[in-house]
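Now for the letters of each chain:
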Amino acid sequence: MSDFFGSFVLVLHSHLPYVLHHDRMDEDWLMEAAAETYIPLLNALYNLVGEGISPKITIGLSPILAEQLRHPHFRNEFKKYCDMKIEYAEHDRSGFAHQDPHMEWLAEMWADFYRGVKKEFQEKFFEDLVGSFRWLQDQGHVEIITCGATHGYFPMLGNDVSIQAQVKMATRSYGEMFGHGPRGIWLPECGYRPAGRWPNPLPHRSWETPQNRKGVDEFLSENDLEFFIVDHHQTMKAAPANLNKSPMETYFLSAAQIPKKPVTVFSRDIELSRQVWEHDVGYPGDSVYLDFHKRHAEGKHRYWKITHAKLDMQYKHKYYPDDAFRQRVQEHAGNYKWRIKEALKNHYDQTGKPTLIMTAFDAELFGHWWFEGPTFLYYLLKWISFDPEIRTETCSQYLDRQPAYDYIHLPESSWGSHYDSSTWNNPQVYWAWDRIYSAEHEIQDLARRYAHLMWDEPFRRIVRQTIRELMMLEASDWEFMITNCSTRDHAERRVVEHHEDFKRLLSMAWRWAAGQGGNISQEEWQFLSAAEWRNGGVFHEPELWWYEKLEVPSPRNGHGTGISD
């Protein structure tokens, strides 16, 4: 009888900021991700299930992404997007005709690809991608975890009630979509901060009195969230120093988690993750795979292979799908399966205990950035299922079978550059945080004064849109884009727009609550309607009391007021 060496736990994190009802370029981010990642990923998983194989992977859907995917505007625009891509491909094919037969064939391949994506969206997934993921979870084939409501970077948010609101909105949205609460969460950017004294991180605000802050894990425990994921670089920094922290173990967090049970941490294996994630050394950088960056004309279809990572774009060779799909992607899936098994076997030989290897990636790597990625996952999961000595498990399945044992104290950290908060906290983005911190304090002031007025329908309507604008403002995407000069102009514009809209709505809320509704002009009511339309009604029931006080006060506050000053 074969030994069992352990489990492979794969986590895919899916997220995009809110882009619906913005300009075409913004919306295309979501359309591209749906066509190139979410639908191909669903296809791979459904195909495995159809073959009698249960994939047993963990999929994170950020609440703001899931809200967009189930929105009627997305459903309508996605079909138009597919039609547009088909039209561009057919135009390319006409241009290549009688000049380059292979390029003509590739253009037809793209037309067929988008015809297939549109048909699957309509006929296989019934225009409901979130519902399709739910079916996989309901049948026990995957686990779906949540994230911060709009992917706000928790270590930098200016007060505890803002983290509370991000978590509560996330769990409420998840419950509406999936029929029960989530067990796990992907912390935005894997950003964690322990309990303790929190000085304002902005140098020009260093004069502010440091606050006693709750640890991020406390908010998770209070909302029945049992685990989250970090990079192993983060756990290596954890105390105690004399404990050998291994990515092949899970750990309880040593913290004041009240009143629920301790939260468990999974650590992403560094080397095995680099083998897939890092373009320079990993599989996606192979010469035969489709090049992401070189695109043709207005339709932006891709006709060239990577050829060589350092090669100038003009020298890229034509793409041959058979080389990628029928040969190399299967070689890489087999190699990765072997690497996983060898690592588990070596650990088992040393300890006599079967544990786990966990790798975690942005889901958009598979399909969008690495076109062949969903096929890679299909073969990887299929071939693991054939091996009796290893298996795939979701995070919750593994924890139910093998709970954590040791406790660690995790410092502030992330999976960003230098594994700290510097990507979201640097001079380039201080101005954005100034706006976020001001808005957080202003909504808290309103909540402390008027949270009891949420029974009043006009006030409730104004306040809920005000909260939506704040949550959009808090998205970590804006600081990331600004710091990395990636669509920086877009990110700066979104920060300014959400802050200005927040301020205007907040003014309306104060005046209505003070009995001055007559001072709200017809133009302002029209502005509210336009803001509600633009945000598409996502997060339709945010609560003002989330910002009034902490549901579970920290004992370190001493006064038992529940107020986060």
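Just so it is clear, the model here is predicted, and its values are computed rather than measured. (Residues numbered from 1 in each chain as written. Predicted model: local features only at pLDDT ≥ 70, side-chain atom pairs only at ≥ 80, totals over all residues. Heavy atoms only, no water.)

### Description of the overall build of the protein
Then comes step 1: The number of helices and strands found in the protein is 17 helices and twelve strands.
Then comes step 2: By its C-alpha atoms, the protein is 70 × 60 × 45 Å across when sized along the principal axes.
Then comes step 3: Scored against the burial criterion, the 565 residues of the protein give a buried share of 60%.
Then comes step 4: When the accessible surface of the protein is split by element, carbon and sulfur atoms take 51% of a total near 22,000 Å². (Helix = DSSP H or I, 4+ residues; strand = E, 2+ residues; numbered from the N terminus. Buried < 20%, exposed > 50% of the residue type's maximum accessible area, 1.4 Å probe, protein only. Areas by Shrake-Rupley, 256 points an atom, 1.4 Å probe, with all protein chains shown as cover.)

### Here we look at the pairing of strand β3 (residues 142–147)
Then comes step 1: Counting buried residues along β3, six of its six residues qualify, which places the element largely inside the surrounding structure.
Then comes step 2: Burial of β3 is two-sided: the residues V142, I144 and T146 facing one way and the residues E143, I145 and C147 facing the other way are all buried.
Then comes step 3: As paired elements, strand β2 (residues 57–61) and β3 share four bridges and run parallel to each other. Bridged to G60 within β3 is I145.
Then comes step 4: Sheet topology places β3 next to strand β4 (residues 184–186); two bridges connect them, and they run parallel. When the bridges of β4 are listed, T146 appears paired with I185.
Then comes step 5: With helix α6 (residues 160–178) bridging β3 and the parallel β4, this β-α-β connection has right-handed handedness. (Pairing = 2+ DSSP bridges. Right-handed = clockwise from strand over helix to strand, strands pointing away.)

### Focus: helix α13 (residues 430–450)
Then comes step 1: Here α13 contains 21 residues, and its C-alpha end-to-end distance of 30 Å stays within 8% of the 30 Å for a straight helix at 1.5 Å per residue.
Then comes step 2: Here α13 has its buried residues at Y430, A432, W433, I436, Y437, A439, E440, I443, Q444, L446, A447 and Y450.
Then comes step 3: Buried-residue contacts for α13 involve α6, β5 (196–198), α14 (457–473), α15 (476–483) and α16 (488–513). (Expected span 1.5 Å × (residues − 1). Contact = heavy atoms within 4.5 Å.)

### Regarding the side chain of T359
Then comes step 1: As for its position among the elements, T359 is in strand β10 (residues 355–362).
Then comes step 2: With a relative accessible area of 0%, T359 lands in the buried category.
Then comes step 3: Discounting chain neighbours no more than four positions away, the residues touching T359 are F8, V9, L10, V11, R268, L272, S273 and Y336.

### Comments concerning the confidence of the model for the protein
Segments scoring low in pLDDT should not have their predicted coordinates read at a detailed level.
Then comes step 1: Put simply, the protein has an average pLDDT of 94, and 97% of its residues get 70 or more.
Then comes step 2: Overall, residues 557–565 carries pLDDT values under 50, and its contacts beyond four positions in sequence, including any with other chains, amount to 18 contacts. (pLDDT = per-residue confidence, 0-100.)

### A look at the packing of α14 against helix α17 (residues 522–534)
Then comes step 1: At a closest axis distance of 10 Å, the pairing of α14 and α17 adopts a crossing angle of 50°. Between α14 and α17, the interaxial angle falls into the category oblique. In terms of crossing hand, the pair formed by α14 and α17 is left-handed. For the pair formed by α14 and α17, the contact residues are P458, R461, I462, Q465 and E469 on the first element and W525, L528, S529, A531, E532 and R534 on the second. (Axes fitted to C-alpha atoms, helices over the stretch in contact; angles between N-to-C directions. Parallel < 35°, antiparallel > 145°, perpendicular 65-115°, else oblique. Left-handed = near helix turned anticlockwise from the far one by under 90°.)

### Description of the pattern of salt bridges
Then comes step 1: Counted by the stated rule, this structure contains 47 salt bridges.
Then comes step 2: E127 serves as the salt-bridge partner of K79, at 3.1 Å between the closest nitrogen and oxygen. Separated by 48 residues along the polypeptide, K79 in helix α3 (residues 72–96) and E127 in the loop between α4 (101–124) and α5 (129–138) bring together distant segments of the chain. Each of the two residues, K79 as well as E127, counts as buried. (Salt bridge = Lys/Arg side-chain N within 4 Å of Asp/Glu carboxyl O.)

### Quick look at the environment of K119
Then comes step 1: Tracing the backbone through its elements, the reader meets K119 in helix α4.
Then comes step 2: A relative accessible area of 49% means that K119 is categorised as partly exposed.
Then comes step 3: The spatial distance from the C-alpha of K119 to the C-alpha of D28 is 19 Å, given a sequence separation of 91 residues.

### What to know about the side chain of T394
Then comes step 1: Within the fold, T394 resides in the loop between β11 (390–392) and α12 (395–401).
Then comes step 2: Note on T394: relative accessible area 4%, which makes it buried.

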